[in-house]
Amino acid sequence: MTATVKENPYEILGVKKDASDVDIKEAYRNLIKTHHPDLHQDPLKKKEAEEFTKKLNVSFDILSDPNKRAAYDN
């Protein structure tokens, strides 16, 4: 099963297209720390955080795998 994302994974993670693996991992970790659903008590904010976390996970999955990243870039 291949993960897909409608939005640009580079924009979601806030990195440039030429970002290194370390930069991608660091951006993902920083975003997941602040947007994780468990950090939000308000049900609406929790739901928004869940949706954003899903996008983060798919984006990181694409950009952290060299083959998936190359396929996305092409």
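Right above here is the structure, for reference.
Residues numbered from 1 in each chain as written. Predicted model: local features only at pLDDT ≥ 70, side-chain atom pairs only at ≥ 80, totals over all residues. Heavy atoms only, no water.

**A word on the nonpolar core**
In terms of nonpolar packing, the biggest core is built from 13 residues, with Leu 13, Val 15, Ile 24, Tyr 28, Leu 56 and Leu 63 touching the most fellow members. Put simply, the parts of the chain that give this core at least two residues each are helix 1 (9-13), helix 2 (21-35) and helix 3 (43-64). Take this core: its biggest share by element is five residues, from helix 2. The residues contacting Leu 63, other than those within four sequence positions of it, are Pro 9, Tyr 10, Leu 13, Asp 21, Ile 24 and Arg 69. (Core = buried A, V, L, I, M, F, W, Y, C linked by side-chain atoms within 4.5 Å. Buried < 20%, exposed > 50% of the residue type's maximum accessible area, 1.4 Å probe, protein only. Helix = DSSP H or I, 4+ residues; strand = E, 2+ residues; numbered from the N terminus. Contact = heavy atoms within 4.5 Å.)

**Things to note about the packing of helix 2 against helix 3**
Running from N to C, helix 2 and helix 3 point in directions that differ by 170 degrees, and their axes come no closer than 10 Å. Judged by the inter-axis angle, helix 2 sits roughly antiparallel to helix 3. Of the two elements, helix 2 crosses helix 3, and the hand of that crossing is left-handed. Contacts between helix 2 and helix 3 involve Asp 21, Ile 24, Lys 25, Tyr 28, Leu 31, Ile 32 and His 35 from the first element and Ala 49, Phe 52, Thr 53, Leu 56, Asn 57, Phe 60 and Leu 63 from the second. When its residues are assigned to classes, the contact of helix 2 with helix 3 shows nine nonpolar, three polar and two charged. (Axes fitted to C-alpha atoms, helices over the stretch in contact; angles between N-to-C directions. Parallel < 35°, antiparallel > 145°, perpendicular 65-115°, else oblique. Left-handed = near helix turned anticlockwise from the far one by under 90°. Nonpolar A, V, L, I, M, F, W, Y, C, P; charged D, E, K, R; others polar.)

**Regarding helix 2**
Along its 15 residues, helix 2 runs 21 Å from first to last C-alpha, staying within 8% of the 21 Å computed at 1.5 Å per residue. Among the residues of helix 2, those classed as buried are Ile 24, Ala 27, Tyr 28, Leu 31 and Ile 32. Projected onto a plane normal to the axis of helix 2, the buried residues spread over an arc of 125 degrees and lie on a single side. For helix 2, the exposed residues lying more than 90 degrees away from the buried face are Val 22 and Lys 33. If you follow the buried residues of helix 2, they end up packed against helix 1, helix 3 and helix 4 (66-73). (Expected span 1.5 Å × (residues − 1). Arc of directions from axis to C-beta.)

**Some points on the packing of aromatic side chains**
In the structure shown here, the tally under the stated rule is two aromatic pairs. Ring plane angle 50 degrees and centroid distance 6.2 Å describe the contact between Tyr 10 and Tyr 72, whose orientation is recorded as tilted. Here Tyr 10 is found in helix 1, whereas its partner Tyr 72 is found in helix 4, with 62 residues between them in sequence. Overall, Tyr 10 belongs to the buried group, its relative accessible area being 4%. Looking at Tyr 72, the relative accessible area reads 34%, which means it is partly exposed. An angle of 20 degrees between the planes, with centres 4.3 Å apart, marks the rings of Tyr 28 and Phe 60 as stacked. Here Tyr 28 is found in helix 2, whereas its partner Phe 60 is found in helix 3, with 32 residues between them in sequence. Overall, the relative accessible area of 16% leaves Tyr 28 in the buried class. (Phe/Tyr/Trp six-rings, centres within 6.5 Å; stacked < 30°, edge-to-face > 60°.)

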